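These are the residues of each chain, in order.
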Amino acid sequence: MNISQNKKKIVFLCIVLISFFLILFGVINSSFFQKKIFSSFSKSIQEKYTISIDSNNFYYNIFSNSISCNFLVLDHYQNPMIKMPDISIGLKNNIIFSQSDLIFNHIEIKDVGFFIRQYEQDSITNLEFFLKKISNEQANKIDSMFIEDISFSVSEINFKNKIDTLIYNDINLDCDSLSFSKENGFQVKNMLLKKGESSINSSFDFNGFPSFHTDSTKWTLDISQGKIKFDDFLKSEIMKGKFFTFSGKVAETQLDFLFNIEKVKYDNSFLEGEFLYEKNTQNILLEIDNSFIKNQDLIVFSNNKYSIPKFILDLGDIIYTGRNILYNKNKKLNIDGAINSEHGISQFNLNFSLDDTLVNSSYDGLLSVKNFNIGSFLKNQNFGIVNFQTFVKGFGFNKNNFSANIDLKEADIYFNNYYYNNISLSGEVSSDSFKGDFLVNDRNCKIQFSGLVDFSKTKPIFDFSTKFSRVDFKKINFPINPFIRQFSGVFSANFSGTSLDNLNGSFVAEKMSYYRGKKYKLDNFNLNFKNTSKTKLIVLKSDLGNANLSGNFDFSDLQKDYKKFISYFLENKNINFNNNYNFELDVD
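Residues numbered from 1 in each chain as written. Predicted model: local features only at pLDDT ≥ 70, side-chain atom pairs only at ≥ 80, totals over all residues. Heavy atoms only, no water.

**Q** Sorry if this is basic, but what is going on with the packing of aromatic side chains here?
**A** Two aromatic rings are characterised by how far apart their centres lie and by the angle between their planes. Taken as a whole and assessed by the stated rule, the structure comprises 24 aromatic pairs. Both rings, one in Tyr77 and one in Tyr119, keep their centres 4.6 Å apart while their planes meet at 65°; by these two values the pair is edge-to-face. Within this pair, whereas Tyr77 is found in the loop between strand E3 (66-74) and strand E4 (80-91), its partner Tyr119 is found in the loop between strand E5 (104-117) and helix H3 (126-134), the two being separated by 42 residues in sequence. The partly exposed category is assigned to Tyr77, whose relative accessible area is 34%. (Phe/Tyr/Trp six-rings, centres within 6.5 Å; stacked < 30°, edge-to-face > 60°. Helix = DSSP H or I, 4+ residues; strand = E, 2+ residues; numbered from the N terminus. Buried < 20%, exposed > 50% of the residue type's maximum accessible area, 1.4 Å probe, protein only.)

Encoded structure:
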């Protein structure tokens with residue numbers, strides 16, 4: 001009897017326990033209880049992390065001690081900023097009974113959407129505002145946090161600022177662990193970021209607490225290996241199927257963002273150095289310690305809008321080192337470095353004011369070349385090694401718009417199998433004109449030129465004076481009679497025209513002399529041209545005699561009377577060749 005009663009009690013107790021668990025399960029799974037849990041959970045997060053969240057699908061499983069939900073994080077204008085439609089969280093401690101901070105076992109977040117905006121009245125984006133908010137003094141309430149095995153998939157990143165809108169889709173992030181403590185800050189170990197065939201392996205270390213030291217590091221991202229496929233981010237037939245790889249460390253301080261580049265590699269090209277963004281000046285700087293840039297790789301990056309000037313492409317493969325300001329808010333650039341190519345070494349410190357296209361930009365600064373083979377560069381065998389340093393201030397990079405002021409000192413140049421020393425040039429240069437001074441102070445050739453040569457007009461203009469002193473044509477390999485030595489003279493010109501048939505102006509030579517066994521000289525030679533639509537007039541005055549040619553003729557016609565001209569010249573007679581022109585000659 002007692003046994004039967006005990007059995008009934010046990011059965012009754014089991015029924016009560018089962019009923020209790022069923023009621024407990026029903027209560028826990030009721031919308032009212034789940035909302036209470038979410039209210040407590042969200043309140044805890046809001047107090048500790050200062051994050052405003054909302055969820056319409058929160059579920060806590062007491063048996064597996066896990067949470068599934070969706071979150072919507074609003075920005076400071078109450079607009080959607082982060083959407084998390086599918087979240088699974090595993091906990092190590094019980095959300096109901098535990099009095100300590102929540103300890104996460106794993107987190108899996110799918111199909112996240114980021115909507116990053118920079119509002120017109122703000123200087124930073126809503127995400128930056130949010131990150132500053134969660135790193136304020138309220139975060140000091142958190143003692144520690146540790147999460148293992150995090151999986152994070154992003155369906156959309158929508159970034160919009162005052163300049164542009166960028167949209168990226170389907171990005172996945174996995175990491176081994178995430179931890180936080182007051183002593184060590186916020187750390188993420190062994191992150192793997194993937195989009196398509198692109199991937200970045202890294203670790204993240206963040207110290208968001210305020211610091212009074214301007215050079216103190218706020219966070220670092222240590223990239224052990226990165227591989228980016230252009231197709232995953234850009235739609236370009238030229239870059240289709242191309243990768244570049246990189247490694248290094250990214251860090252932020254109070255003053256700047258820094259990327260210490262261990263190596264960036266694209267096909268056969270690479271560079272090593274440091275990339276810096278200065279917050280106050282908004283300057284973007286790139287300091288290259290070592291590099292090798294394959295010419296074919298450089299051509300790939302040239303396009304119609306930001307085409308690389310042809311003279312740079314013509315250098316071939318190059319090694320570049322230097323410190324460069326790549327961008328600032330005033331569109332000012334500075335390139336301070338050296339290029340070593342198969343032709344020689346070029347050094348420069350140039351400032352650029354950018355236009356919409358690089359070829360239309362202006363620039364000024366210093367340029368020097370050392371042992372540079374301009375002959376191989378220009379594919380002209382008459383030229384060879386040059387050395388010079390010059391100040392340049394100009395505009396444009398192609399033959400249609402190039403113009404510059406140049407001040408070149410003490411240059412050396414190899415031309416026509418002779419090495420000229422002490423060359424100077426100062427003036428305005430374009431692709432079709434020169435106005436200024438040119439000086440050669442070589443021991444076998446002394447030349448002083450000053451004036452204008454302009455081929456930009458329909459009829460070229462020549463307005464200059466030139467002085468030759470002690471020029472030895474044989475030693476400088478000039479294609480004139482090699483027996484002529486110590487040629488000297490002063491020449492001036494002021495004329496325009498495309499041929500002898502339409503020249504207008506004058507050409508004057510004074511104090512000419514040279515040696516060819518003995519000294520020959522001519523003190524005065526003056527030639528004037530006057531051409532109209534109907535008549536031509538050429539007047540010659542010299543120490544040897546005077547001449548006058550007038551009429552309506554073409555110089556090609558004079559070839560027919562060349563022999564007759566010589567004959568009458570020797571006999572000192574007036575000559576009438578035909579009805580079209582008249583020639584008068586007076587020989588002293």
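**Q** Looking at this structure, how should I read a nonpolar patch on the surface?
**A** Together, Phe275, Leu326 and Tyr327 give the surface a local cluster of nonpolar side chains, amounting to about 230 Å² of exposed area. Take Phe275: it is sitting in strand E13 (residues 269-278). Among the residues examined, Phe275 registers a relative accessible area of 31% and is labelled partly exposed. (Patch = residues over 30% accessible without salt bridge, like charges linked within 9 Å, V, L, I, M, F, W, Y side chains within 5 Å. Areas by Shrake-Rupley, 256 points an atom, 1.4 Å probe, with all protein chains shown as cover. Salt bridge = Lys/Arg side-chain N within 4 Å of Asp/Glu carboxyl O.)

**Q** Explain the environment of Leu173 to me, please; I cannot follow it from the model alone.
**A** Mapped onto the elements, Leu173 comes out in strand E7 (residues 165-181). Judged by its relative accessible area of 22%, Leu173 is partly exposed. Expressed as a C-alpha distance, the spacing of Leu173 and Leu193, which sit 20 residues apart in the sequence, is 4.5 Å.

**Q** Quick question: what am I supposed to make of the pattern of salt bridges here?
**A** Oppositely charged side chains are able to pair whenever their charged atoms sit close together. Summed over the entire model, instances satisfying the criterion amount to nine salt bridges. Ionic pairing is found between Asp317 and Lys294, a salt bridge with its closest N-O pair at 3.2 Å. Highlighted residues: Asp317 in the loop between helix H5 (310-313) and strand E15 (318-327) and Lys294 in the loop between strand E14 (284-292) and helix H4 (295-300), separated in sequence by 23 residues. Salt bridges sharing common partners tie together Lys218, Glu252 and Lys279.

**Q** Where do I start with the pairing of strand E28 (residues 536-542) in this structure?
**A** Looking down a regular strand, the side chains alternate between one sheet face and the other. Strand direction decides the pairing type here: strand E27 (residues 518-531) and E28, joined by seven bridges, are antiparallel. Bridging across to E28, Asn531 finds its partner in Lys536. Across six bridges, the pairing between E28 and strand E29 (residues 545-551) is antiparallel. Note on E29: the bridge partner recorded for Leu537 is Ser550. Between the end of E28 and the start of E29, which pair antiparallel, lie two residues. (Pairing = 2+ DSSP bridges.)

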